[in-house]
Amino acid sequence: MADRHSQSDVSQKEIDNIVKSLGGMEKIAALYPISSMQGGVIYHSLLDPNTDYYRVSYSWRLVGIVDVDIYRRSWEHILERH
């Protein structure tokens, strides 16, 4: 998993360079069209920038003995599939 990066690991300049090297946003959008759900998120975000309809956060408290290695590997497996 060491080769994975989050958005915060990449600067806007690096993103701009990647987009430019791929031929611009239009070409990227043509290759990877957004889903209906993504379109809805964009629409509602632009309609009301202060909305938090699509920002859902969960947290859990684990009780008892937890095998951290198995827990971590389970989440890695889920992330690889999705």
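In this text the structure is predicted, and so the values were computed from the model without any measurement.

Student: Hey, could you run me through the overall build of the protein chain in this one?
Tutor: Along the protein chain, the regular secondary structure elements total 4 helices and 0 strands. In the protein chain, the succession of helices and strands from N to C terminus is α-α-α-α. Against the compact-globule benchmark of 12 Å for 82 residues, the protein chain has a radius of gyration of 18 Å, which places it well outside the compact range. Residue burial in the protein chain is summarised as follows: out of 82 residues, 7% are buried. Charge centroids of the protein chain, computed over 9 positive and 11 negative side chains, lie 2 Å from each other.

Student: Please clarify how a nonpolar patch on the surface should be interpreted in this entry.
Tutor: A grouping of Val56, Tyr58, Trp60, Leu62, Val66, Val68, Tyr71, Trp75 and Ile78 is seen on the molecular surface, where their side chains present a nonpolar patch of about 970 Å² in accessible area. For Trp75, a relative accessible area of 38% puts it in the partly exposed group.

Student: How should I be thinking about the packing of aromatic side chains in this particular structure?
Tutor: All chains considered together, the criterion is met by 2 aromatic pairs. Taking 6.1 Å as the distance between ring centres and 15° as the angle between the ring planes, the aromatic pair formed by Tyr58 and Trp60 counts as stacked. Trp60 matches Tyr58 in its accessibility class, with the two residues each being exposed. A centroid spacing of 6.5 Å and a plane angle of 70° characterise the contact between Tyr71 and Trp75, whose relative ring orientation is edge-to-face. Taken as a pair, Tyr71 and Trp75 lie in helix 4 (residues 68-81) at a separation of 4 residues, close to a single helical turn. Taking relative accessible area as the criterion, Tyr71 reaches 37% and is therefore assigned partly exposed.

Student: Even after reading the chapter, I still don't get the environment of Met25, so can you show me in this structure?
Tutor: On the secondary structure map, Met25 appears in helix 2 (residues 25-31). The exposure class assigned to Met25 is partly exposed, which follows from its relative accessible area of 49%. Placed 41 residues apart in sequence, Met25 and Val66 show a C-alpha to C-alpha distance of 44 Å.

About the criteria used
- Residue positions within a chain follow its written sequence, with the count starting from 1.
- For this predicted model, a pLDDT threshold of at least 70 governs which residues receive local features, and a threshold of 80 or more governs which side-chain atom pairs are given and counted, while totals over whole chains, interfaces and linings are taken from all residues.
- Note: side-chain values were computed over all heavy atoms of the structure, leaving out hydrogens and water.
- Secondary structure elements follow DSSP: runs of H or I of four or more residues count as helices, runs of E of two or more count as strands, with numbering from the N terminus.
- For a compact globule the rule gives 2.2 Å times the number of residues to the power 0.38, and the radius of gyration it is set against comes from C-alpha atoms.
- Accessibility here uses a 1.4 Å probe with only protein chains present; expressed as a share of the type maximum, an area under 20% marks a residue as buried, one over 50% as exposed, and anything in between as partly exposed.
- Residues scored as charged are limited to Lys and Arg (positive) and Asp and Glu (negative), so that His and the chain ends carry no count.
- A single reference atom marks each charge: NZ on Lys, CZ on Arg, CG on Asp, CD on Glu.
- Patch membership needs two things, relative accessible area over 30% and no salt bridge, and members are linked within 9 Å if like-charged or within 5 Å if nonpolar (Val, Leu, Ile, Met, Phe, Trp, Tyr).
- Accessibility throughout is a Shrake-Rupley quantity obtained with a 1.4 Å probe, and a residue counts as covered only by protein chains that appear here.
- For this analysis, a salt bridge means a side-chain nitrogen from Lys or Arg found within 4 Å of a carboxyl oxygen belonging to Asp or Glu.
- Whether two aromatic rings pair depends on their centres lying within 6.5 Å, for rings of Phe, Tyr and Trp, where Trp uses its six-membered ring; planes under 30 degrees apart make the pair stacked, over 60 edge-to-face, and the rest tilted.

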